[in-house]
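# Topology and contacts: notes
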Amino acid sequence: MPKWFSCQRLLHLQLSTSLFVTLVLIAVVQFFACYTTYNYNHLTADNLGSSLYHVTNPKLVINKSKPECKYEDLLLSSKSTAVWDVPKNYDDFLPTGILNGSYFPDVCNPLYSVAILVTYRNRQSQLDIFIPYMHNFLRKQRIHYKIYVIEQQDNKPWNKGMLYNIGAKQAIADKFPCLILHDVDLLPLDEANLYACLKQPRHMSASIDKFRYVLIYSSLVGGVLAITSEQYMEVNGFSNKYQGWGGEDDDFANRLMMYDLEMMRLPPTQSRYTMLRHRQEKKNKNRHRIMSDNKNKIHLDGVRALPHYTASVRDHRLYSMVSVRL
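Residues numbered from 1 in each chain as written. Predicted model: local features only at pLDDT ≥ 70, side-chain atom pairs only at ≥ 80, totals over all residues. Heavy atoms only, no water.

## Remarks on the state of the cysteines
For the record, the criterion: The term disulfide is used for any two cysteine sulfur atoms that are within 2.5 Å. Strands are runs of DSSP state E lasting at least two residues, helices are runs of H or I lasting at least four, and both sets are numbered from the N terminus onward. Buried, partly exposed and exposed residues are distinguished by accessible area as a fraction of the type maximum, computed with a 1.4 Å probe on protein chains only: under 20%, between the cut-offs, and over 50%, respectively.
Going through the model one piece at a time under the given rule, you end up with 2 disulfides. With its sulfur 2.0 Å from that of its partner, C69 forms a disulfide with C108. Classification of the bridge connecting C69 and C108 rests on its S-S torsion, roughly 95 degrees, and on that basis the disulfide is right-handed. Of this pair, C69 sits in the loop between α2 (45-51) and α3 (72-75) while C108 is found in the loop between β2 (102-103) and β3 (113-120), placing the two residues 39 residues apart along the sequence. The exposure class of C69 is buried, given its relative accessible area of 3%.

The structure is reproduced here in structure tokens:
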């Protein structure tokens, strides 16, 4: 084969590769430009205070000799953890003040009680980072909180919606007025991201590093969501029909809209998260059909209409484990 012919083929291959890479980059840029939101609607510092849901767990023993906790300094903080500074291990973690996954500040009486619900299966390495990181983050916020890990212990298809419903029932039975539905692979970065409910549902993870800190679409509720227990029960929680990955969050967003509940967010500088790497769950091929079938039938499918399951609750020092078999 002539030498000039080999060079011509090599040049053609390089040009084809360059063209392909260029087209891919253009497609990525167009996606983020057309389908994502850098400057989404959000609350301002002026109206945030009146929007917060000031309710605590009635089981709390309030010490009247202590003052109410203050949060103005926290909400105005500009401190943020860089992604590369997120610890990869916690050999020196100290569980000071934590009992059965719950924490109560000892210097003041908190204005907020929140249950953090974490659905989980076969991601021990992520849980080992998530639990100590969240305790270190939350203990600085002067709130009353408890972490629930809801683990699916069978080999059936993953069902995040049903796990959230089971976890919510437990947290509501424990009298928590605010539920924070939290993916185990997301870690908050901004100190001003107060873990508390608003009077309307609050999408907390609007700016994730994996998505270049932009909101993928305006109706997104997945990742981290805060909602009052009353609102969760009002919309009948999540659908129990979604198996595998995808669909349950969009279905839940439809439920919120059907009940005229408005999704609220804080500014991007208070909503940044980093996502831990993980293997993608198998997608639910039936998610679009289920969502279509569920319209106007949410009273038949949700937290008040759970299929048969077995569950047990066991308290650990750093979290309360809700073990579920579907």
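## So, the sheet that holds strand β8 (residues 207-208)
This is how the line gets drawn: For two strands to pair, DSSP has to find at least two bridges joining them.
The strand order across the open sheet formed by 3 strands is β6-β10-β8, and the pairing between neighbours is mixed. The strands lining the two open edges of the sheet, one partner per strand, are β6 (186-188) and β8.

## Focus on the pairing of strand β9 (residues 224-228)
Across the 5 residues that make up β9, a large majority, 5, are buried. The alternating pattern of β9 places V224, A226 and T228 on one face and L225 and I227 on the opposite face, and all of these are buried. Here 5 bridges tie strand β5 (residues 178-182) to β9, and the two strands are oriented antiparallel to one another. Paired with I180 across the strands is A226, a residue of β9.

## Observations regarding helix α4 (residues 124-138)
What counts here: An expected span of 1.5 Å times one less than the residue number is assigned to each helix. Note on contacts: a residue pair is in contact if any heavy atoms of the two residues lie within 4.5 Å.
Along its 15 residues, α4 runs 21 Å from first to last C-alpha, staying within 8% of the 21 Å computed at 1.5 Å per residue. With 11 of its 15 residues buried, α4 lies for the most part within the structure. All buried positions along α4 are accounted for by Q126, L127, I129, F130, I131, P132, Y133, M134, H135, F137 and L138. Where α4 is buried, its residues contact β1 (98-99), β3, β4 (144-152), β5 and β6.

## Quick look at the pairing of β3
For clarity, the threshold we go by: For a crossover, the right-handed case is the one in which the path from the first strand over the helix to the second runs clockwise, viewed with the strands pointing away from the viewer.
Within β3, 8 of the 8 residues are buried, leaving the element largely enclosed by the surrounding structure. Going residue by residue along β3, you find S113, A115, L117 and T119 tucked away on one face and V114, I116, V118 and Y120 tucked away on the opposite face as well. Across 8 bridges, β3 lies against β4 in parallel orientation. Opposite A115, over in β4, you have K146 as the bridge partner. Taking the sense of rotation as the criterion, the β-α-β connection linking β3, α4 and β4 turns out right-handed. Pairing analysis gives 5 bridges linking β3 to β5, with the strands arranged parallel. Bridged to V114 within β5 is C178.

## Details of the nonpolar core
Inclusion rule: The term nonpolar core refers to a set of buried residues drawn from Ala, Val, Leu, Ile, Met, Phe, Trp, Tyr and Cys, joined through side-chain atoms within 4.5 Å.
Formed by 51 residues in total, the largest nonpolar core has its most connected members in I116, I143, I147, I180 and Y195. Looking at this core, the elements with two or more residues in it are β3, α4, β4, β5, β6 and β9. For this core, the element with the most residues is α4, which contributes 8 residues. The residues touching I143, leaving out its near neighbours within four places in the chain, are Y71, Y103, P105, P110, Y112, V114, L138, L194 and Y195. With 29 residues, the next largest nonpolar core counts L163, A171, L225 and F238 among its residues.

Purely spatial values, then, with no claim about function.
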